[in-house]
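The chain contents come next:
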Amino acid sequence: DSVGAVVWEGDPSTMAFRFVSAAAERFLGHPGREWPENPDFFVEHVHPEDRDRVVSFCRRETKAGRDHQIEYRMRAADGRVVWVRDIVRVVCEDGRPSSSRGVLIDVSDRRRSEEALRSAEERLRSLVASAPVILFALDRAGVLTHIEGRGLDALGLRTIDLTGRHFTEVFPPGEERMRRN
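Residues numbered from 1 in each chain as written. Predicted model: local features only at pLDDT ≥ 70, side-chain atom pairs only at ≥ 80, totals over all residues. Heavy atoms only, no water.

(A) Summary view of the confidence of the model for the protein. For the protein, per-residue confidence averages 89 on the pLDDT scale, and residues scoring 70 or more make up 94% of the total. Within the protein, the element-level pLDDT minimum falls on helix α9 (residues 174-180), averaging 52, and the maximum on strand β3 (residues 68-75), averaging 97. Considering only residues more than four positions removed or in separate chains, one finds that residues 177-181, a stretch of pLDDT under 50, has four contacts. (pLDDT = per-residue confidence, 0-100. Helix = DSSP H or I, 4+ residues; strand = E, 2+ residues; numbered from the N terminus. Contact = heavy atoms within 4.5 Å.)

(B) Examining the pairing of strand β4 (residues 81-93) more closely. Note that β3 and β4 share eight bridges and pair antiparallel. Bridge assignment links Arg75 to a residue of β4, and that residue is Val81. Counting the residues in the hairpin turn of β3 and β4 gives five residues, including Gly79, whose phi is positive at 95°. Here β4 pairs with strand β5 (residues 96-106) via 10 bridges, running antiparallel. Within the sheet, the bridge partner assigned to Val88 lies in β5 and is Gly102. Between the antiparallel neighbours β4 and β5 lie two residues, among them Asp94 with a positive phi of about 55°. (Pairing = 2+ DSSP bridges.)

(C) Spatial organisation of unusual backbone geometry. Notably, Met15 is not glycine yet its phi reads approximately 65°, a positive angle. Mapped onto the elements of the fold, Met15 is located in the loop between β1 (6-10) and β2 (17-20). Given the relative accessible area of 13%, Met15 is considered buried. (Buried < 20%, exposed > 50% of the residue type's maximum accessible area, 1.4 Å probe, protein only.)

In structure tokens, the structure reads:
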């Protein structure tokens, strides 16, 4: 109960919970006793957009007796959507799955951070694509490792010709640049 995750055990053939730790209620707002009382609790609470993918993956891996991990969304009692990482150990007896045991960890904060980063990257790419600028990256030696942007067109330059060259070859300092133009 003190690990900050839901520890659970389930029936590998039905995907019904046999046991869930007390953290279950803090995690999704459903009392821990509801999880094993409802044989369809898992399937019903996986987010509808993830349900087919998650259920088929878990059934396939469990049937094969393989431990597995998967991230998906679950619906909380208050309507929130909670991203979880489900880490599952499949226990086999006589070569057949007899129990599934796992840990559900809330990864919602990480998922939100990843989405915010993706969104910021998209905005930056859009800005670079529409503005007459040049965006570049150099390694420690001053060699161009990446260069892009509409500003290259204005100078008659192409990315393919510049990547791998030293910065000063492409953009010479001071008076030398003025003489070149």
